[in-house]
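Summary of structural features
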Amino acid sequence: MDPSGVDRRPVDAAATSRANRGWWDGAADGYQAEHGEFLRDRGFVWCPEGLDEADARLLGDVAGLDVLEIGCGAGQCGRWLADRGARVAAFDLSFRQLQHSRRIDLGTGSSLPVVQADAESLPFAGGSFDLACSAFGALPFTADARAVLTEARRVLRPGGRLVFSVSHPVRWAFPDDPGPRGLTADRSYFDRSPYVEIDDDGRPSYVEHHRTLGDWVGHIVAAGLVLRGLTEPEWPGGHEREWGGWSPLRGRHLPGTAIFTCVRP
Ligand SMILES: C[S@@+](CC[C@H](N)C(=O)[O-])C[C@H]1O[C@@H](n2cnc3c(N)ncnc32)[C@H](O)[C@@H]1O
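Below is a short write-up of the structure. Since the model is a prediction, treat every value here as computed from it, not as a measurement.

Calculation criteria
Counting starts from 1 at the beginning of each chain's written sequence and moves along it residue by residue. Per-residue local features are limited, in this predicted model, to residues with pLDDT of at least 70; the limit for side-chain atom pairs, both in listing and counting, is 80 or more; totals at the level of whole chains, interfaces and linings are taken over all residues. Hydrogens and waters are ignored; side-chain quantities use all the structure's heavy atoms. The rule for pairing is simple: two strands pair if DSSP sees at least two bridges between them. To qualify as a helix, a DSSP run of H or I must reach at least 4 residues; to qualify as a strand, a run of E must reach at least 2; elements of each kind are numbered from the N terminus. Between N-to-C directions, angles cover 0 to 180 degrees, with each direction set by a line fitted to C-alpha atoms, over the stretch in contact for helices. Every residue pair with non-hydrogen atoms within 4.5 Å of one another is taken to be in contact.

Taken in spatial order, the 3 strands make up an open sheet running 1-7-8, and their pairing is antiparallel. Two strands lie at the open edges of the sheet, namely strand 1 (6–8) and strand 8 (204–208), each paired on one side alone. Going from strand to strand, the sheet's axes swing by 25° on average, the running direction of each strand aside. Pairing of strand 1 with strand 7 (residues 195–198) involves 3 bridges; the strand directions are antiparallel. Among the inter-strand pairings, arginine 8 is bridged to a residue of strand 7, identified as tyrosine 195. The sheet strands contacting helix 1 (residues 13–39) are strand 7 and strand 8, and the helix crosses strand 8 at an angle near 100°.

Turning our attention to the environment of glycine 229. Counting through the fold element by element, glycine 229 comes out in strand 9 (residues 226–231). The spatial distance from the C-alpha of glycine 229 to the C-alpha of glycine 64 is 24 Å, given a sequence separation of 165 residues. In this structure glycine 229 touches Ile259, Phe260 and Thr261, once residues within four positions along its chain are discounted.

This is the structure in structure tokens:
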């Protein structure tokens, strides 16, 4: 472990959930203060590149559909979908994130139904939804991506779609630095060791799990879904906003986000 409290070590599903629930509860206020304006209270932004669902149309027409937002944070995407006529349910691991969803509801006159849940075990009946979506919610963090995808398949109706964005797997080989240091690979893309922050008691306090592109395809197929598309948003000219290790400099050279479109047969 380096002196900053960062490590690469195996962390199981229970320890990952416990760490990330605590981390997101503690970070939610700062996260919404920093990114809320960019996300917009009723906006659907897929990624730090700023790809907007209004332009990308990865979900198609959602009017009249039952839609599940996975790892919704403050529910910005869910509210955008509801504004377009979808019946939306949303969930997140972090209670504090969901309190921000309520705060936005009270401020905007909207009413997004949310529930606190872990994406690896969903509190919804099978075949409840026509569409499930996620903008960086749950899937980059969870220890068992296959369990999340299997749960998503379970709650979808036949023909239902799952569209989700995650950090692009290629990023894993590079330092998470928006500057020039972030352009030189310093670790193996094939090293699946999770990124772990450790608290003063030696316990994980934040965890991200890495999957290669091949791993993602394998999990999608094993979950019984069909992969229909992979979108790799390019960094748009004139977009200067940095988000953590995402920046215009890196965006010119490296993919930052992968968006998978899947269907339940
Ligand atoms: C980067 S935010 C994405 C949310 C929203 N789309 C946004 O852009 O702000 C990641 C969210 O995933 C949630 N999350 C992490 N692990 C989760 C899990 N296992 N189940 C459900 N939500 C989870 C976090 O609490 C957090 O709100």
